[in-house]
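# Structure at a glance
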Amino acid sequence: MIDLTTNYLGLKLKNPVVVSAGPMSEKLENFPRMEEAGASAIVMYSLFEEQIEAESENIDSALEYGTNSYAEATSYLPDMPKYHVGPDRYLELLRQGKAAVSIPVIGSLNGSSPGGWVRYSEYMEQAGADALELNIFDVPTDPNITAEQIENRYCDLVRTIRKSVRIPIAVKLGPYFTSCANFARKLSEAGADGIVIFNRFYQPDFDLDELEVVPNLVLSSPHELRLRLHWAAILYHQVETYIAITGGVHDASDVLKSMMAGAHVAMMTSALLKYGMEHIGVVLAGMEAWMVEHEYVSVKQMRGSMSLVNVEDPRAFLRGNYLKMLGSYTWRDSGTALTTF
Ligand SMILES: Cc1cc2nc3c(=O)[nH]c(=O)nc-3n(C[C@H](O)[C@H](O)[C@H](O)COP(=O)(O)O)c2cc1C
């Protein structure tokens, strides 16, 4: 009997496959479907700082002018009404979604500045969220702002939210921190129970005909997992925190690798959008088959086995790997010129 159970943020989960924040949790009917497919927890799509601010501006201006004149404030949120629903509806969906399943449901808040929206962490707790995922998505473009100031701002935000809720908090962050391990520790000291590595940055593209900067969401590919494996392996045992991997988890081998790197859970969105929710069952069956074949009895047994502190040659994660990697490439000069443009 294979034991797939794991612990994430203090929540006992039946297996390490968690549905990450995304469109699947937009509809109530999908909650039981995710559970039936085998998901051990669901992270809801995010409630955005801008949505909450826009809604409160709407109320303010309605009170002040008797009109809904907040179009300017929301003009930079083009698809919000289409993809996301307002704060009240979000909380209602969280409440109903939670009641519809027996697995944990994690609420997601997405923002970067301290402000009124932060109180929504309390509302999520009251609505029944088992934990909170705080997605601090920021693009620091001001050359006057230092890395330390940015990190401090993130930690302040975590501290503020920590004070207002009792449920566990995970912070979803991007990979672009100079000292990722140090920052992960600072987040933990500020009150975060876990980190979700890593946010994918949806860099916009340029439309050459219209000369416009255009959004271009591309689903992840499995090779994106490597960056996450690398950092989970480095953080494991060095920073006291729960680790969730998000980005590039597509099949059973990706979940197994995530566990071996030291993650507590592996989250999926792109693969589920591509293959359907039932893909979770395929992933779990694949994990079990691999574990039987390789004589593993539990996920706990493999956790961190390939981490920096446990691998035979830690240079695999350091500069040595870089040199080895470059040296391993063999170039055969048989290419043909690219003629498409
Ligand atoms: C269509 C779509 C919507 C998403 N919405 C959210 C969101 O609301 N909040 C969030 O934190 N992440 C969101 N994500 C990011 C996913 O949760 C996940 O971190 C990312 O897609 C990487 O994982 P994957 O490789 O399994 O797709 C979204 C991703 C996609 C593709």
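Attention in this report is confined to the structure presented alongside it. Please read all numbers here as calculations on a predicted model, not as lab measurements. (Residues numbered from 1 in each chain as written. Predicted model: local features only at pLDDT ≥ 70, side-chain atom pairs only at ≥ 80, totals over all residues. Heavy atoms only, no water.)

## With respect to the overall build of the protein chain
As a reminder, the rule being used: Where helices and strands are cited, they refer to DSSP runs of H or I of at least four residues and of E of at least two residues respectively, numbered from the N terminus. The globule rule is 2.2 Å times the number of residues to the power 0.38, and the radius of gyration it is compared with is taken over C-alpha atoms. Under the scheme applied here, a residue whose accessible area is under 20% of the maximum for its type counts as buried, over 50% as exposed, and between as partly exposed, the area being computed with a 1.4 Å probe on protein chains only. Whether two residues are in contact is decided by their heavy atoms: any pair within 4.5 Å suffices. Per-residue accessibility takes into account occlusion by the displayed protein chains alone, with areas from the Shrake-Rupley method and a 1.4 Å probe. Charged residues are defined narrowly, with Lys and Arg counted positive, Asp and Glu counted negative, and His plus the chain ends left uncounted. Every charge is mapped onto a representative atom, which is NZ of Lys, CZ of Arg, CG of Asp or CD of Glu.
When you go through the protein chain residue by residue, the secondary structure sums to 14 helices and 12 strands. Its C-alpha atoms give the protein chain a radius of gyration of 21 Å, within 12% of the compact-globule value 20 Å for 341 residues. Expressed as lengths along the three principal axes of its C-alpha atoms, the size of the protein chain is roughly 65 × 55 × 40 Å. Within the protein chain, buried positions represent 48% of all 341 residues. Counting contacts in the protein chain only where the partners sit at least 6 residues apart, residues at least 24 apart contribute 71% of the total. Accessible area of the protein chain: about 18200 Å², with a carbon and sulfur share of 54%. Taking the 28 positively charged and 43 negatively charged side chains of the protein chain as two groups, their mean positions are separated by 8 Å.

## A few points about the pairing of strand E8 (residues 194–197)
Stated precisely, the cut-off is as follows: Any two strands between which DSSP finds at least two bridges are classified as paired. Crossover handedness is defined here as right-handed if the route from the first strand over the helix to the second strand goes clockwise, with the strands pointing away from the viewer.
Judged by which residues are buried, E8 turns out to be covered on both faces: Gly-194 and Val-196 on one side and Ile-195 and Ile-197 on the other are all buried. Pairing geometry for strand E7 (residues 169–173) and E8, over four bridges, is parallel. Residue pairing for E8: Val-171 is matched across the bridge by Ile-195. A crossover connection joins E7 to the parallel E8 through helix H8 (residues 180–190); in handedness this β-α-β unit is right-handed. Relative to strand E11 (residues 242–246), E8 is paired through four bridges, and the arrangement is parallel. Across the sheet, the residue bridging to Val-196 is Ala-244, located in E11.

## Structural notes on the site of the ligand
How we decide: Nearness is judged by heavy atoms alone; a residue qualifies as near a molecule or strand once a single heavy atom is within 4 Å of it. Counting of polar contacts relies on pairs of N or O atoms within 3.5 Å, with two restrictions inside protein: one atom must be capable of donating a hydrogen and the other of accepting it, and residues adjacent in sequence are counted only when both atoms are side-chain atoms.
Among the 23 residues in the neighbourhood of the ligand, the closest are listed as Ala-21, Ser-46, Asn-135, Ser-220 and Ser-270. For the ligand, an oxygen atom lies 2.8 Å from a polar atom in the backbone of Gly-248. Coverage of the ligand by the protein chains reaches 92% of its 610 Å² of free accessible surface. Counting residues per element, the ones that place at least two in the shell around the ligand are strand E4 (41–48), strand E12 (265–268) and helix H11 (270–275).

## Remarks on the nonpolar core
Heads up, the rule is: Each nonpolar core is a collection of buried residues, namely Ala, Val, Leu, Ile, Met, Phe, Trp, Tyr and Cys, held together in the definition by side-chain atoms within 4.5 Å.
Leu-109, Met-124 and Leu-187 are the most contacted members of the largest nonpolar core, which totals 84 residues. Look past the residues within four positions of Met-124 in its chain and what remains in contact with it is Leu-47, Tyr-90, Leu-91, Leu-94, Gly-107, Ser-108, Leu-109, Ala-129 and Leu-132.

## A few points about the pairing of E12
The alternating pattern of E12 places Val-265 and Met-267 and Ala-266 and Met-268 on opposite faces, both of which are buried. Alignment of E11 against E12, held across three bridges, turns out to be parallel. Across the sheet, residue Ile-245 finds its bridge partner in E12, namely Ala-266. Crossover E11 to E12 through helix H10 (residues 252–261) is right-handed.

## Section: helix H9 (residues 225–235)
Given 3.6 residues to a turn, an α-helix orients residues that are three or four positions apart in the same direction. Those residues of H9 that fall on the buried side of the exposure criterion are Leu-225, Arg-228, Leu-229, Ala-232, Ala-233, Ile-234 and Leu-235. Elements that come into contact with the buried residues of H9 comprise H8, E8, E11 and H10. At the C-terminal side of H9, His-237 shows a positive phi close to 75°.

## Topic: the sheet that holds strand E5 (residues 105–111)
Basically, it comes down to this: Axes, fitted as lines to C-alpha atoms, cover a helix only where it is in contact. Angles between the N-to-C directions of the axes lie from 0 to 180 degrees.
The strand order around the closed barrel formed by eight strands is E3-E4-E5-E6-E7-E8-E11-E12, and the pairing between neighbours is parallel. With direction set aside, neighbouring strand axes in the sheet form an average angle of 25°.

## Thoughts on the environment of Leu-256
Position of Leu-256 relative to the elements: it lies in helix H10. Between the C-alpha atoms of Leu-256 and Leu-211, which are 45 residues apart in sequence, the distance is 44 Å. Sequence-distant contacts of Leu-256, that is, excluding residues within four places in its chain, are made with Met-287, Trp-290, Met-291 and Met-302.

## Quick word on a nonpolar patch on the surface
To be explicit about the condition: A patch is a set of surface residues, each over 30% in relative accessible area and not in a salt bridge, joined within 9 Å for like charges and within 5 Å for the nonpolar side chains Val, Leu, Ile, Met, Phe, Trp and Tyr. Any carboxyl oxygen of Asp or Glu within 4 Å of a side-chain nitrogen of Lys or Arg constitutes a salt bridge here.
Where nonpolar side chains cluster on the molecular surface, the patch consists of Tyr-202, Leu-217, Leu-219 and Leu-273 and spans about 390 Å² of accessible area. Tracing the backbone shows Tyr-202 in the loop between E8 and strand E9 (205–207). The partly exposed category is assigned to Tyr-202, whose relative accessible area is 46%.

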